[in-house]
Each structure stands twice: as C-alpha cells, then as structure tokens.
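This is what each chain is made of:
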Amino acid sequence: MLERGLSDNTRQGYLNDVDKLMRYLNDYNIPIENVTLDDLHNFIADLHDLGISSRSQARIISGIKSFFRFLRLENIIPVNPALLLESPRIGLKLPEVLSVEEIDRMISCIDLSSNEGQRNRAIIETLYSCGLRVSELINLEINKISLEDEYITVVGKGNKERLIPISSTAIKEIELYLEDRKLLNIKPGEENILFLNRRGHRLTRVMVFYIIKQQAKLAGIRKEISPHTLRHSFASHLLEGGANLRTIQQMLGHESISTTEIYLHIDNNRLRDEILTFHPRNNI
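A quick note: this is a predicted structure, and the numbers were derived from the prediction, not measured.

Participant: Help me get a handle on the overall build of the protein, residues and values and all.
Facilitator: Summing up its helical and strand segments, the protein has twelve helices and three strands in all. Within the protein, the proportion of its 284 residues that are buried is 42%. In the protein, the share of contacts with a sequence separation of at least 24, taken over all contacts with a separation of at least 6, comes to 58%. Total accessible area on the protein is roughly 15,900 Å²; 51% of this is exposed by carbon and sulfur atoms.

Participant: Please give an account of the pairing of strand S3 (residues 161-165) that cites residues and values.
Facilitator: Only one face of S3 is buried, namely the one carrying Arg 162 and Ile 164, since none of Glu 161, Leu 163 and Pro 165 on the opposite face is buried. Strand direction decides the pairing type here: strand S2 (residues 151-155) and S3, joined by five bridges, are antiparallel. Along S3, the bridge assignment pairs Thr 153 with Leu 163.

Participant: Any chance you could break down the sheet that holds S2 for me, citing the residues and the numbers?
Facilitator: The strand order across the open sheet formed by three strands is S1-S2-S3, and the pairing between neighbours is antiparallel. The open sheet has two free edges, formed respectively by strand S1 (145-146) and S3, since each of these has just one partner strand. Bridge count between S1 and S2: two bridges; the pairing is antiparallel. Bridge pairing links Ile 145 to Ile 152 in S2.

Participant: Report on the environment of Val 35, specifying residues and quantitative values.
Facilitator: Mapped onto the secondary structure, Val 35 falls in the loop between helix H1 (8-27) and helix H2 (37-49). With relative accessibility at 6%, the residue Val 35 sits in the buried group. Taking C-alpha positions, Val 35 is 9.2 Å from Ile 77, a pair spaced 42 residues apart along the chain. Setting aside residues up to four positions removed in sequence, Val 35 forms contacts with Leu 25, Ile 30, Leu 40, Phe 68 and Pro 81.

Participant: Describe the packing of helix H5 (residues 117-130) against helix H7 (residues 168-181), and please don't skip the residues or the numbers.
Facilitator: Helices that pack against each other are described as a pair by the angle of their axes relative to one another and the distance between those axes. Interaxial distance between H5 and H7 falls to 8 Å at its minimum, and their mutual angle equals 150°. Judged on the interaxial angle alone, H7 and H5 are roughly antiparallel. In this structure, the crossing between H5 and H7 has a hand that is left-handed. Within the contact between the two elements, H5 uses Gln 118, Arg 119, Arg 121, Ala 122, Glu 125, Thr 126 and Ser 129 and H7 uses Thr 169, Ala 170, Glu 173, Ile 174, Leu 176, Tyr 177 and Asp 180. Partitioned by chemical class, the residues of the contact of H5 with H7 number five nonpolar, four polar and five charged.

Conventions we followed
- Residues numbered from 1 in each chain as written.
- Predicted model: local features only at pLDDT ≥ 70, side-chain atom pairs only at ≥ 80, totals over all residues.
- Heavy atoms only, no water.
- Helix = DSSP H or I, 4+ residues; strand = E, 2+ residues; numbered from the N terminus.
- Buried < 20%, exposed > 50% of the residue type's maximum accessible area, 1.4 Å probe, protein only.
- Contact = heavy atoms within 4.5 Å.
- Areas by Shrake-Rupley, 256 points an atom, 1.4 Å probe, with all protein chains shown as cover.
- Pairing = 2+ DSSP bridges.
- Axes fitted to C-alpha atoms, helices over the stretch in contact; angles between N-to-C directions.
- Parallel < 35°, antiparallel > 145°, perpendicular 65-115°, else oblique.
- Left-handed = near helix turned anticlockwise from the far one by under 90°.
- Nonpolar A, V, L, I, M, F, W, Y, C, P; charged D, E, K, R; others polar.

Printed below as a string of structure tokens:
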C-alpha cells in the first residue's frame, strides 16, 4: 500500500485512516481476519455520526480499500471484505428529514401482533424523541432511563454521558415493551440492556437499520433513510420549533457547534423552497 510513489503527506494520511479503523475494530474486539463488509459499513456510519464530511469519508475508504488489498495479496486475510465498499457521493448533500406525519405513518403501520412489534414502536419513538445515534440506542441501559422524571442518560462518543429529555409518548411505548421483554430468555450480561432480539441478545446496528428501512418501505416513504434520518429529523424539528443551536448541540452530543450547523442549511433550504412555492411574486 505504501510502495506506490505516494507523497509523505498522503502516506501519513493513509496510515492515520487505517489507525482509525484499527481502533474501531479493537473497541469491538473484531480480529482483522474476521472483518466483514457489514463491519466496514458500521465503521463508516460511525464516521458519519462524528460529522466527518463525505469527501473525507471517501478518502478514508480509499485508504481502507488499499489496506485490505495489501493484506489479501500478502495472504494475511482469506478474503477482501472491502471489495464492495462504496465511497459516498462527493458534494453538499443535506441529510433527508422526515416530517412528523411520515414518522407517524412508520409507527402506525407496525404489526403489533408480531413478537417484535411493540419493541420496534419503542425503538422508533426513542430514536426520534431523543435524537440518539444507533450505537447509543443499542447500548441503552434500563437503569439509565428515568421514566418518572422523563429523561435518559446516554453514553456517547468518548464515553461521555449526557442527559436527554424523553417524550411521554416514547415512555409509554417503552413501558409497553418492557412487559413483552419479561418473556424473553435474556442472555447473561444483557440483563440491563433495554432493546433485545428474540434470543435475548442486544440488537446489532445492522438490525436497527433493517427495522427502520422496512418500516419506511411499509409506510410508502420513498426517501433514502436510515436510523440516522430520525436523528436528523429530531434536530431539524427542534430548530423549526425555535430551539437554539447550542441546545441542539448538547442534545445530540456534538463536540463542535460546526457539526450542528448542518441543520441551519436544512432549515434555510426548506425556507427557500417554501418562498419559491408560496410567495405571490413567484406565482405570476
């Protein structure tokens, strides 16, 4: 990987990008020879959560693909998991935002007769009510939820805790889900984890992505969405309702206010579209 006549800066950049990946894999106890495409997608999703731009993500992916190509050529790994890893489109692409009506449709079309129906309702309500990252949702602990005081304690990036108010609607859905949860055969070590699969293990990031995409499809939503879309919607709706950026920054757990400022672009774009659509001078 480093024998292609690259400049010192480019070579160092690749090394830094590979180091990011190795630290991520170490955090999740994933050996390099067992890395899958899903693991790499989860890593890129983490970069997105950190507010890293599409251009920087593309550069990191390029370095990772070169790294795994090298490992495969040297027979260090049996297969190359990065072969199908795609780079994001470059350019200013504002995140999709769901309307309240679209979120309500996703929730209302959940089949409550299924074993996971109530759990999925609680998941969507919690993601939207609190603006959580997927990693924060799947690791949410029962003893960090104060149903009476209507707030949760979330462990975010860098193991930093933050308090987030939670809506009464989300609380109601969680309380109903907790009754179903009592029927599960919960695996050792998962007793305090709120959201579990039918086998009593905590959910994976990939499973939450599937749940959200499936419900969006059932609700007839054609936007390209993910669990992160609910986080964006949470922040955008707060801004529309009059919340200031500093408050939103604290709720989302952003280190930098510049990461939160993406929602100003969303709001300004929506304002421009509405002016062009509804202002009388634009309808002559």
